[in-house]
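One-letter residues, chain by chain:
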Amino acid sequence: MSDATQSNTLPPESAGIIPEASQVSHRKLRQAIVDLFDAGEFRLFCHDLGVNFDDLGGPDTGLTARVDALILYVNRRQRLRILLTVLQENRPNLTWEQILTDENDPEPLPLTVAPRVAQADDGTPDTILASQGFTALLSLLRSPETHEAIVRFQNDFQAASTRIDLLNDLKLAHDLFQELENRYFLIENDRKRLPDDDLAWDSLALNEPELEAKIDDLLTLAVQSAFAEEAQRWSQQLATVREAMRTAVDGTDLEQLSAACRRLYRIINRQPSRLNAQLITIAKALRLKNLQTAVTTICDVIDASDIAELELVNQIKQGSGALGGIDTRLQNLTAEHDAWQAIDDELRRVETSLDSGLEELDEAWLDLEPMTLALLQTQTDAWATDLQTVLTELGQAINEAVVVTTRRLFRRFRSQSGRRFRQVDLELLSLCHDLQKVGESLDLLLRTVK
């Protein structure tokens, strides 16, 4: 591509900079890899990336389809620059210009976008600062002073990067289960119209393939994910449900359809919460302060040396501070999640006995009220004010033993607290998405020091 003034083209002086997904043509990259590797060489290329060649397709899958699956897989995990780095190492004659988008091939790789929840004081996402800091560190690796410090902390970097990958896989599975649940409700609504409304089978014929596609997405992720072994059980259950659902719709068999819906509901009612619990456990184990300490040590070595790239040093220090911000945000969110989880467990227990009387609620209220107040005392947002109002009204109704009012306010309290619980989950998932960018830079760093 000769016109370096185009917005998606890297200028000549930046030829060594690894391009972003928004600059890379999906078609050109796929074709370049197909042209440069045979099947055996591509298998080794996948091994270098830490991807199982056999997970990219079945025994009859061709090279082009496997290459496409690899590109989409690493891009979804925001690891495209790792693929490009390994690609250049294996085929140094390849230039970035050969795979960039242009006016004749304007379609870049799809972007994965999620709301950012960790903000630095100037409004710049913490993870972007951290990513820039670690990327800036790459250009200092030739200095003996910094190289020694980086190698010393390599295990911490590798452990963090591995956990970030696992967080990302858990997040993707959680999101796909949410999409599957949405498809399930469409199927369930059609099922409820039967047998009185035969037109429901026409709607099912349209909705069932979409449900099957979502199950296929989950099964693909289950095989390729960092928790593949743990996912075997529910993935086998999903595969069974998928076949039963298709057979029921094709044969207009209401009894089989109802059974398949019940089995699917059991899966989607259990697995997302279990995935979420795993995500929380990994998030707690992601000790980003170790990384912050590592970069601080490196900065101290740089400060004591004669390196004059002060702007670069400042970027690295910004990255160190940003990691501290992410760690604080993670710890706050996981602590709040645990507190809401405890409240939700109590509310579920009370709900099962509420229609029989208020005895369970009277007993549980001794714990529920102080637990909720502890969460609300530091909050000033509208959701907290509204929940505080319901909490006060519910406490008064319990004291006065007004049964009908108590039941109504309890269910309102449970609904509002549940919304906040889900919001905390959403923020955690979004933060995991942001952490991917840090993970990519860490991987680039590690590959450079090997």
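The following paragraphs examine the structure supplied in this document. For every chain, the first residue of the written sequence is number 1, and numbering continues from 1 onward in sequence order. Owing to the predicted nature of the model, reporting of local features is limited to residues with pLDDT of at least 70; listing and counting of side-chain atom pairs is limited to 80 or more, with chain, interface and lining totals taken over all residues. Each side-chain value is derived from all of the structure's non-hydrogen atoms; neither hydrogens nor water enter the calculation.

To continue, consider the pattern of salt bridges. Criterion for a salt bridge: a side-chain nitrogen of Lys or Arg within 4 Å of a carboxyl oxygen of Asp or Glu. Tallied over the entire structure, the rule returns 21 salt bridges. Notably, a salt bridge pairs Arg 349 with Glu 346, separated by 2.9 Å at the nearest N-O pair. On the criterion of helical spacing, the pair formed by Arg 349 and Glu 346 is a turn pair, its members being 3 residues apart in helix 12 (residues 310-351). Classification of Glu 346 by relative accessible area gives buried; the value is 18%. Taking the shortest distance from any N to any O, the salt bridge between Glu 360 and Arg 349 comes out at 2.4 Å. Of this pair, Glu 360 sits in helix 13 (residues 359-376) while Arg 349 sits in helix 12; the two residues are 11 residues apart in sequence, bridging distant segments of the chain. Note on Glu 360: relative accessible area 29%, which makes it partly exposed. To sort residues, take the accessible area from a 1.4 Å probe on protein chains only and compare it with the maximum for the residue type: under 20% means buried, over 50% means exposed, and anything in between is partly exposed. The class for Arg 349 is partly exposed, based on a relative accessible area of 34%. Taken together, the shared-partner salt bridges connect Glu 212, Asp 216, Arg 242, Glu 243 and Arg 246 into one network. By definition, any uninterrupted DSSP run of H or I lasting at least four residues is a helix, any uninterrupted run of E lasting at least two residues is a strand, and each is numbered from the N terminus.

Now for the nonpolar core. Ranked by size, the top nonpolar core spans 86 residues in total, and within it Phe 177, Leu 180, Leu 238, Met 245, Leu 257 and Leu 264 carry the most contacts. Of the residues forming this core, the biggest block, 13 residues, is contributed by helix 7 (residues 154-192). Not counting chain neighbours up to four residues away, the residues in contact with Leu 238 comprise Phe 177, Leu 180, Ile 215, Leu 218, Leu 219, Leu 264 and Ile 267. Note on terminology: a nonpolar core comprises buried Ala, Val, Leu, Ile, Met, Phe, Trp, Tyr and Cys residues joined through side-chain atoms within 4.5 Å. Note on contacts: a residue pair qualifies if any of its non-hydrogen atoms lie within 4.5 Å across the two residues.

This part covers the packing of helix 2 (residues 39-49) against helix 4 (residues 80-90). Between two packed helices, what matters for the description is the angle formed by their axes and the separation of those axes. To obtain each axis, a line is fitted to C-alpha atoms, and for helices this fit is confined to the stretch in contact; angles are then taken between N-to-C directions over 0 to 180 degrees. Relative orientation of the contacting elements helix 2 and helix 4 amounts to 130 degrees, with a least axis distance of 10 Å. Classified by the angle between their axes, helix 2 and helix 4 sit oblique to one another. In this structure, the crossing between helix 2 and helix 4 has a hand that is right-handed. Side by side, helix 2 and helix 4 meet where Phe 45, Asp 48 and Leu 49 of the first sit next to Ile 82, Leu 83, Val 86, Leu 87 and Asn 90 of the second. Here the residues of the contact of helix 2 with helix 4 are counted per class, giving 6 nonpolar, 1 polar and 1 charged. The cut-offs work like this: below 35 degrees is roughly parallel, past 145 is roughly antiparallel, 65 to 115 is roughly perpendicular, and the gaps in between are oblique. Each crossing gets its hand from how the near helix is turned against the far one by less than a right angle, where anticlockwise is left-handed and clockwise is right-handed. Residue type decides the class: Asp, Glu, Lys and Arg count as charged, Ala, Val, Leu, Ile, Met, Phe, Trp, Tyr, Cys and Pro as nonpolar, and the leftover types, Gly among them, as polar.

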